[in-house]
Amino acid sequence: MNKKAIMTIITAMTVFSTHAQNSWELPNSEKNKEATVENVVVDEKKSAKAEDMQYLAGAVPEKDGKVVFTFKKKVEGADAATIYDKTFEWIESLTTTENQLNSRIALVNKAEQKIVATFSEWLDFSRSIISVDRTRLDYVMVAECVDDLVTIEISRIKFHYDEDRPTRMDVSAEEWISDSKALNKNGDKIIRGRKKFRKKAVDRMNEIGNALKLGVKAD
């Protein structure tokens, strides 16, 4: 084989190699792009599902068939009377926070260190410059104080939505956001139309629970 023939073969192999490389790179590149897009979609679905996880089964606790949120706060070294006074002040301040409509301490029992308060407040779903989507939220809070501990229970939760429209809706938590009413058969999704009520109500209750921890403390 002469030198010219050898050079021809080398050139052909180089061209083949280049085309072969290119022919492999393009499909792989496109495939990778598709895989990346698919991964992004899957990740977004996972993120959306993960976001709802905390609002699925058990997020709305029940007691004897009624929706009841319970929060406890230890106050080490304080007697029941002292905790009662601190709790009274905390609840009273809670009734005057933003979005409160007609909230007040309704009954007290100093002998048993118990406090009953009724709340009526706005619960915002979304808000913009031109519109607001919200519901009136009513509930009853009962606080019981003993040595070293205060327990609050929130029950009789009701939503009053679109009160000034023909679409007005007045429903209880049991009717609207309980596990049996708000979740699908598998319990892995919140029924559309009830999601914002369930999620915002759970967020609000947890907000109150966290406020209790900060508001009633030992000296």
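Predicted model only: the values in this text are computed from it and were never measured. (Residues numbered from 1 in each chain as written. Predicted model: local features only at pLDDT ≥ 70, side-chain atom pairs only at ≥ 80, totals over all residues. Heavy atoms only, no water.)

1. Points about helix 2 (residues 80-94)
The following threshold applies: Each helix is a run of DSSP H or I of at least 4 residues and each strand a run of E of at least 2, with the numbering of both proceeding from the N terminus. Expected helix span is taken as 1.5 Å per residue step, with the number of steps being one fewer than the number of residues. Partly exposed describes any residue whose relative accessible area lies between the buried limit of under 20% and the exposed limit of over 50%, with all areas from a 1.4 Å probe on protein chains only and scaled to the type maximum. Contacts between residues were defined by any pair of non-hydrogen atoms, one from each residue, lying within 4.5 Å.
Taking 1.5 Å as the rise per residue, helix 2 with 15 residues should run 21 Å; its terminal C-alpha atoms sit 21 Å apart, in good agreement. Here helix 2 has its buried residues at Ala80, Ile83, Tyr84, Lys86, Thr87, Trp90, Ile91 and Leu94. Packing partners of the buried residues in helix 2 comprise strand 4 (104-109), strand 5 (114-127), strand 6 (132-146), strand 7 (149-161) and helix 5 (195-215).

2. Observations concerning helix 5
In this model helix 5 runs 30 Å from its N-terminal to its C-terminal C-alpha over 21 residues, within 8% of the 30 Å that 1.5 Å per residue would give. Of the residues making up helix 5, those classed as buried are Phe197, Arg198, Lys199, Ala201, Val202, Arg204, Met205, Ile208, Gly209 and Leu212.

3. Some points on the pattern of salt bridges
Put simply, the test is: We define a salt bridge as a contact between a side-chain nitrogen of Lys or Arg and a carboxyl oxygen of Asp or Glu at a distance within 4 Å.
Using the criterion set out here, one finds 12 salt bridges in the structure. In this structure, glutamate 153 and lysine 63 form a salt bridge, with 2.9 Å as the shortest nitrogen-oxygen distance. Of the two residues, glutamate 153 sits in strand 7 while lysine 63 sits in strand 1 (residues 62-63), which places them 90 residues apart along the sequence. The class for glutamate 153 is partly exposed, based on a relative accessible area of 27%. Looking at lysine 63, the relative accessible area reads 42%, which means it is partly exposed. Put simply, aspartate 170 and arginine 168 hold a salt bridge, and the shortest N to O gap is 2.8 Å. Classification of aspartate 170 as partly exposed rests on a relative accessible area of 38%. What emerges from the salt-bridge pattern is a single network uniting Arg136, Asp138, Glu163, Arg168 and Asp170.

Everything listed here is a matter of geometry and, on its own, says nothing about what the molecule does.
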